[in-house]
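Architecture at a glance
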Amino acid sequence: MSRGRGRRSGRSRLPVKQGPQILRIFINNEWHESKSGKKFATYNPSTLEKICEVEEGDKLDVDKAVEAAHAAFQRGSPWRRLDALGRGWLLHQLADLVERDRAILATLETMDTGKPFLHAFFIDLEGCIKTLRYFAGWADKIQGRTIPTDDNVVCFTRHEPIGVCGAITPWNFPLLMLVWKLAPALCCGNTIVVKPAEQTPLTALYLGSLIKEVGFPPGVVNIVPGFGPTVGAAISSHPHISKIAFTGSTEVGKLVKEAASRSNLKRVTLELGGKNPCIVCADADLDLAVECAHQGVFFNQGQCCTAASRVFVEEQIYPEFVRRSVEYAKKRPIGDPFDIRTEQGPQIDQKQFDKILDLIESGKKEGAKLECGGSAMEDRGLFIKPTVFSEVTDTMRIAKEEIFGPVQPILKFKNIEEVIKRANSLEYGLTAAVFTKNLDKALKLASALESGTVWINCYNAIYAQAPFGGFKMSGNGREL
Amino acid sequence: ERAYLFRIIIFINNEWHNSVSGKKFPVFNPATEEKICEVEEGDKEDIDKAVKAARQAFQIGSPWRTMNASERGRLIYKLADLIERDRLLLATMESINGGKLFSNSYTLDLGGCVATLRYCAGGLTRYMAAQYPLVNGNFFGYTRHEPIGVCGQIIPWNFPLFMFIWKIGPALCCGNTVVVKPAEQTPLTALHVASLIQEAGFPPGVVNIVPGYGPTAGAAISSHMDIDKVAFTGSTEVGKMIKEAAGKSNLKRVTLELGGKSPFIVFADSDLDSAVEVAHQALFYHQGQCCIAASRLFVEESIYDEFVRRSVERAKKYVLGNPLTPGVSQGPQIDKKQYEKILDLIESGKKEGAKLECGGGPWGNKGFFIQPTVFSNVTDEMRIAKEEIFGPVQQIMKFKSLDDVIKRANNTHYGLAAGIFTKDIDKAITVSSALQAGTVWVNCYSVVSPQCPFGGFKMSGNGRELGEYGLQEYTEVKMVTMKISQKNS
């Protein structure tokens, strides 16, 4: 029985020695310079300093990567002939290596994204390891069925891998979102070409070195850092890529789906934005609701597709809810992501920073009540104060547009039917949360809300075992 | 504190116990007939103790019940890693105690153990995902796939460690706790794995191992009022007693993997060399001591004589001896009882008129060795064509037509496995659909993989082990239905 022949590295290799080598394009388990010779810089949003330069891929590099992925997918190749259990075993060993290098990866992630180190270590990396292990276990359980059709025939289904898959990953959870793409794709036997976000390529490239160390056959995983309009577009319209998976903004998601259709009708899955309602009923456990709503919107500097950016609070408890939320927001420690007390770091870059401040201004102009925050931290680069708006109404920009920053709009509602209508009134539909002790209300709202995930008395409860994705324009398809 | 290379006492609650009665029993090396050591002998009182511990570990709110399914999977993965670490030790122990060729022990038995555990560890959260049946009326309903509870598991001596893992892997995967009785001939490898279970960090009481005999410890398990399920691998005769006892006591769930008299059908269009070799291994592997042994070899008339000639040539190639010695290709039978039964059946073959082509008697002056034996011109009413031999004795029978051979192959109370050799696609599909056997191999044999369900039709067993079907056997389904004010699709 052939199993993946990966190396279980019991020795502690100092990956630091890999240094500059991994700041390149990863194709066929080798590190390549870009065809154009160009490089681009990646920055630390906390200090605004350049961390390093990375080889910049473009269409020609994507072509090379696709060629490698295509070859690795041929019938009779080592990857195609590997037992499913062997594929699973490689993924499991990759999980072990990620666990071994957890502190390094968390440090790289913190430097590249500005997220607090403890979050990177305990949340991002935990999610990566668990997701890899979940899919490692799944590999040899992807079964077809035999089907009793009419006539004298034998009929059975095979669940085959799609082929070469393209993956475009975002900058808010760079490594975790990469694992969300990689693990299921590899579990099912596909080969893959990844473009990590240009703001945050480092952990993806480090993972490339671990993939090589584990012993995945060359060409199974390929990583091409670069920009959306060049590398991203090349992937979306490549004639030999059979599927594309994208996580990012709804705006770009539409472009990706268009390009996919126009080129070769490649399969498309999209994880896009959200304007997620968080509904707090009068009978909720108020402390729990306040805390969950707070973390729900402010976690990761507000840069989550699941951000609870429309908090609907039942009339009777509205003033108290606002009061407690403001208290929480004022206490939120902002600072150096490597300081263990920090809960909030900087926004990812100037573009996001400007957009968030613009939306904050619109809130003020359109008549919402600014309860706290409302501006950038003085002389602190890309840091924005945790901001709470009350008396928000549905027509304001802050109630309709995805902010992706530390801004909590709190709206009032009178009854369940009304809040259901208002919660469902946008084109988004990623997640929703409901806080109530009443069983019937909970089950009713769970059925009525047009969201891919509904959380009841909890928030951001995301697990490798549970499918995640959006209704309507928050996405197509499910991950995990 | 003496350091033990082998563990030889009872394992309950992650602790080591002497038997309540104070009794011990000897364990032997079948190649030399020498005693290896003595092991604490468990009886009813020890089983009671073990069940208490297993029940405690199964309580709602216990560490095992509240553990994340993914963490259960982690523990099972860890156990697989530890077994892999101690692979050499375990393979050696298995070889000495079980009379098994060391090369087979190391590659197939131990390899199979590790793969099976990894399959089970990975299966958890996918399998435990239950469903959401669409209840009529204003109700919200969902199923829970709960563990059954305390499972008693009785393990055979032919693949002691491998069968032990086949039992505990799926049981633990689904969240049960277990009380295991390894075969009295071969308790040692299970007891070593007990120390690995402790090392991996399973909570106390989740796995308990009580070595002892069938009529005492085994019977105590089958009729225990606080065991929720019994799983047994062994003879059909004992399987019936267990199911009876289960019914008489508390209706505990029963799965059985019993004997077989598996047909191996060779059509004239087969690749003859391949068919001869595979048929040979299918019978003679592990001295014929496999429940799936292909002990009725049906060969199409036109190729019969050549097939017999080649099979005899092949059977003569064995080197008998101590299974630890490189170059030895056949080890001893497990004990005197089996040895005598096999020799008796060989005599019956001679008496009832089968043609003895080679072998036909014991070998050597020490150890339970029997010469590889081939009978041709065997007919269906002979004892060797009807009774499970469990020894290195191959019966080669002739057939004319497809319909005829299917009838004859199915004409038995057994129904564990079957093999078909043919190049013709239609024959392959027709015959595999027609045979009453839990596993049918086409142009191969003995291909066993943890993803695939394994078990018998008719009196070869009840239920299936491994694969998703096997996990279902360790699950009790609960349907939860809640009233809601209005249902929407």
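Just so it is clear, the model here is predicted, and its values are computed rather than measured.

Considering the environment of D96(A)
Among the structural elements, D96(A) can be located in helix α3 (residues 84-100). Along the primary structure D96(A) and K437(A) are separated by 341 residues, whereas in three dimensions their C-alpha atoms are 41 Å apart.

Looking at the UniProt feature "active site" (unreviewed entry) in chain A
All names here are of chain A. Within the UniProt annotation, "active site" (unreviewed entry) is assigned to E271. With respect to the element layout, E271 can be found in strand β9 (residues 267-271). Discounting residues that sit within four places of it in the chain, E271 has contacts with F246, T247, G248, L430, F468, G469, S474, G477, R478 and E479.

Points about the UniProt feature "active site" (unreviewed entry) in chain B
Residues and elements named next belong to chain B. In the numbering used here, UniProt assigns the feature "active site" (unreviewed entry) to E257. Topologically, E257 is positioned in strand β10 (residues 253-257). Judged by its relative accessible area of 5%, E257 falls in the buried class. In this view, E257 contacts F232, T233, G234, L416, F454, G455, G456, S460, G463, R464 and E465; residues no more than four positions away in its chain are not counted.

Considering the interface of chain B and chain A
It is common to give the size of an interface as the accessible area that goes away when the parts come together. Contacts between the two partners involve 20 residues from chain B and, on the opposite side, 20 residues from chain A. With both sides pooled, the region where chain B packs onto chain A buries about 1,900 Å², and carbon together with sulfur makes up 57% of that total. Joining chain B to chain A, the criterion identifies zero salt bridges. Our enumeration of links across chain B and chain A arrives at four residue pairs in polar contact (both at pLDDT 80 or more). Only α3 (69-85), α5 (102-128) and β21 (475-483) of chain B provide two or more residues apiece to the side of chain B that touches chain A. Examining the composition of the side of chain B that touches chain A, we find that eight residues originate from one element, α5(B), more than from any other. Here the side of chain B that touches chain A is built from residues that sort into seven nonpolar, seven polar and six charged.

Observations regarding the sheet that holds strand β10 (residues 277-280) of chain A
Residues and elements named next belong to chain A. The sheet built from seven strands is open, its strands ordered β12-β13-β14-β11-β10-β15-β16 with mixed pairing. Every other strand in the sheet has two partners, leaving β12 (369-372) and β16 (453-456) as the edge strands with one partner each. Within the sheet, the average angular offset between the axes of one strand and its neighbour, ignoring direction, is 20 degrees. Of the strand pairs in this sheet, strand β13 (residues 387-390) and strand β14 (residues 407-413) are connected by three bridges, and their pairing is parallel. Residue pairing across strands places V388 opposite Q408, the latter belonging to β14. Running at roughly 135 degrees to β14, helix α10 (residues 286-298) makes contact with β10, β11 (310-314), β13, β14 and β15 (431-435) of the sheet. Contacting β12, β13 and β14, helix α12 (residues 350-365) crosses the sheet at an angle of about 30 degrees to β13.

Quick notes on the packing of helix α5 (residues 117-138) of chain A against helix α6 (residues 174-187) of chain A
Two numbers describe a pair of packed helices, the interaxial angle and the distance between the axes. All names here are of chain A. Packing of α5 against α6 brings their axes to within 9 Å, and their N-to-C directions diverge by 5 degrees. Comparing the axis directions of α5 and α6 gives the class roughly parallel. Of the residues in α6, those touching α5 at D124, L125, G127, C128, T131, L132, F135 and W138 are L175, L176, V179, W180, A183, P184 and C187. Grouping the amino acids of the contact of α5 with α6 by side-chain chemistry returns twelve nonpolar, two polar and one charged.

What counts, and at which threshold
Residues numbered from 1 in each chain as written. Chains lettered and ligands numbered in written order. Predicted model: local features only at pLDDT ≥ 70, side-chain atom pairs only at ≥ 80, totals over all residues. Heavy atoms only, no water. Helix = DSSP H or I, 4+ residues; strand = E, 2+ residues; numbered from the N terminus. UniProt positions renumbered as here; feature names shortened; annotations may be inferred. Contact = heavy atoms within 4.5 Å. Buried < 20%, exposed > 50% of the residue type's maximum accessible area, 1.4 Å probe, protein only. Buried area = accessible area lost by both parts, 1.4 Å probe. Salt bridge = Lys/Arg side-chain N within 4 Å of Asp/Glu carboxyl O. Polar contact = N/O pair within 3.5 Å; in protein donor to acceptor, adjacent residues only side chain to side chain. Nonpolar A, V, L, I, M, F, W, Y, C, P; charged D, E, K, R; others polar. Pairing = 2+ DSSP bridges. Axes fitted to C-alpha atoms, helices over the stretch in contact; angles between N-to-C directions. Parallel < 35°, antiparallel > 145°, perpendicular 65-115°, else oblique.

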